[in-house]
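Examining the three-dimensional arrangement
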Amino acid sequence: MDDQSRDRGVLLTTRLSLRRPAPEDIDAIFSIHRDTATCLQNPSDALSRRQEALELFQRWHDHWRRFGYGYWVVRRGASDWQLGVCGTKSMDLNGMSVLNLFYRFEVSSWGQGLAGEAATVVVGWVSERVPDLPIIARVRPANIASQRVAVRAGLVRVEHIDTTGEDGLDWIYATNLPG
C-alpha cells in the first residue's frame, strides 16, 4: 500500500481495495446485513429494511468524521462489487476504551482468506494512527472462521476479558492491551 492511497482514504492489498463507505454503498450494506447467513452468529446485527442500512451508514459516516477512522467497504481489486465491510469503531469494553475490529462479508466470498486479508491491513493502518488504544475482536465461541480472521490480523485470545454481548458470550481477541 502506498502513501498516496492512504491519503485518498483507500487501503490496498494484493487482492482487495478498501475505502470509506459512501451513500452509493447503502444497498450493498443492506444486502450483506439482511442475509441471515452473514448474521448467523450475531442476529442482532441483521437488517430487515433499507432504512436501517441508511441509518447504519450514517453512524459509520459520523464515526469517520469524529475519529478519522471507522469501517471500510471491501472490494476485490478495482471491481465495483462490494464483498463486505471491515474496520474498527471506538467503544468501551469493561471500562476500557478500545477499538472494536469488525468484519462481515457476503457468503460467496467466504473461505478465500479475504476477511483475514482485509482485517490485517485495517489493523496495521489503525495501529499507526491510534497507537494508544487496544484493538479487540468480539467473537462467538462457535465461530471458528471469525476466530481465524482475528488471529490472522495479529490478535490473540484474551480470556480474562471475555464478556457477554447482545447475542451471547463474546470471546475477546486483542492486541496492544495495557500492562
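Quick summary incoming for the structure in this document. Keep in mind that this is a model prediction, so the values were computed, not measured.

1. Observations concerning unusual backbone geometry
Despite not being glycine, Asn94 has its phi angle at roughly 55°, a positive value. Take Asn94: it is sitting in the loop between strand 4 (82-93) and strand 5 (96-105). Despite not being glycine, Asn176 has its phi angle at roughly 70°, a positive value. Mapped onto the fold, Asn176 is located in the segment after strand 9 (168-175). Relative accessible area serves as the criterion here: at 41%, Asn176 is assigned to the partly exposed category.

2. Focus on the nonpolar core
Membership of the largest hydrophobic core comes to 31 residues, with the highest contact counts inside it found for Leu18, Cys86, Leu101, Tyr103, Phe105 and Leu155. Listed by contribution, the elements that provide at least two residues to this core are strand 2 (16-19), strand 3 (71-76), strand 4, strand 5, helix 4 (114-129), strand 6 (135-139) and helix 5 (144-152). No other element matches helix 4, which puts 9 residues into this core. Apart from the residues lying within four places of it in its own chain, the contact partners of Leu18 are Gly9, Val10, Leu11, Trp72, Val73, Val74, Ala118, Val121 and Val122. Core analysis: the second largest hydrophobic core is formed by 11 residues, Leu47, Tyr71, Val85 and Phe102 among them.

3. Focus: the layout of surface pockets
Of the pockets and cavities examined, the largest pocket occupies roughly 1300 Å³. Every residue lining the largest pocket is counted, 48 residues in all, and those nearest its centre are Asn42, Asp45, Phe102, Tyr103 and Arg104. Contributions of two or more residues to the lining of the largest pocket are made by helix 3 (50-67), strand 4, strand 5, helix 4, strand 6, helix 5 and strand 8 (163-165). For the lining of the largest pocket, the element with the highest residue contribution is strand 5, accounting for 6 residues.

4. Notes on the environment of Thr163
Structurally, Thr163 is set in strand 8. On a C-alpha basis, the gap between Thr163 and Gln82 in space is 31 Å, while along the polypeptide they are 81 residues apart. Sequence-distant contacts of Thr163, that is, excluding residues within four places in its chain, are made with Leu93, Asn94, Gly168, Leu169, Asp170 and Ile172.

5. Quick word on the environment of Trp64
Note that Trp64 resides in helix 3. Looking at Trp64, the relative accessible area reads 6%, which means it is buried. Distance in space between the C-alpha atoms of Trp64 and Thr88 is 10.0 Å, their sequence separation being 24 residues. Those residues within four positions of Trp64 in sequence are excluded, and the remaining contacts are Arg20, Pro21, Tyr69, Gly70, Tyr71, Trp72 and Trp125.

6. Considerations on the packing of aromatic side chains
Following the criterion strictly, the structure yields 6 aromatic pairs and no others. On the basis of an interplanar angle of 75° and a centroid distance of 5.0 Å, the ring pair of Trp60 and Tyr71 is categorised as edge-to-face. On the criterion of sequence distance, the pair formed by Trp60 in helix 3 and Tyr71 in strand 3 is long-range, its members being 11 residues apart. Per residue, the accessibility class of Trp60 equals that of Tyr71, and both read buried. For the ring pair Phe67 and Tyr69, a centre distance of 5.7 Å and an interplane angle of 35° mean the geometry is tilted. Overall, the relative accessible area of 31% leaves Phe67 in the partly exposed class. Among the aromatic residues, those joined into a ring-pair cluster are Trp60, Tyr71 and Phe102.

Basis of the calculations
Residues numbered from 1 in each chain as written. Predicted model: local features only at pLDDT ≥ 70, side-chain atom pairs only at ≥ 80, totals over all residues. Heavy atoms only, no water. Helix = DSSP H or I, 4+ residues; strand = E, 2+ residues; numbered from the N terminus. Buried < 20%, exposed > 50% of the residue type's maximum accessible area, 1.4 Å probe, protein only. Core = buried A, V, L, I, M, F, W, Y, C linked by side-chain atoms within 4.5 Å. Contact = heavy atoms within 4.5 Å. 1 Å grid on protein atoms, 1.4 Å probe; cavity = no way out; pocket = protein on both sides within 12 Å on 5 of 7 lines; lining within 4 Å. Points joined across faces, edges and corners; volume = space filled by probe spheres on them. Phe/Tyr/Trp six-rings, centres within 6.5 Å; stacked < 30°, edge-to-face > 60°.

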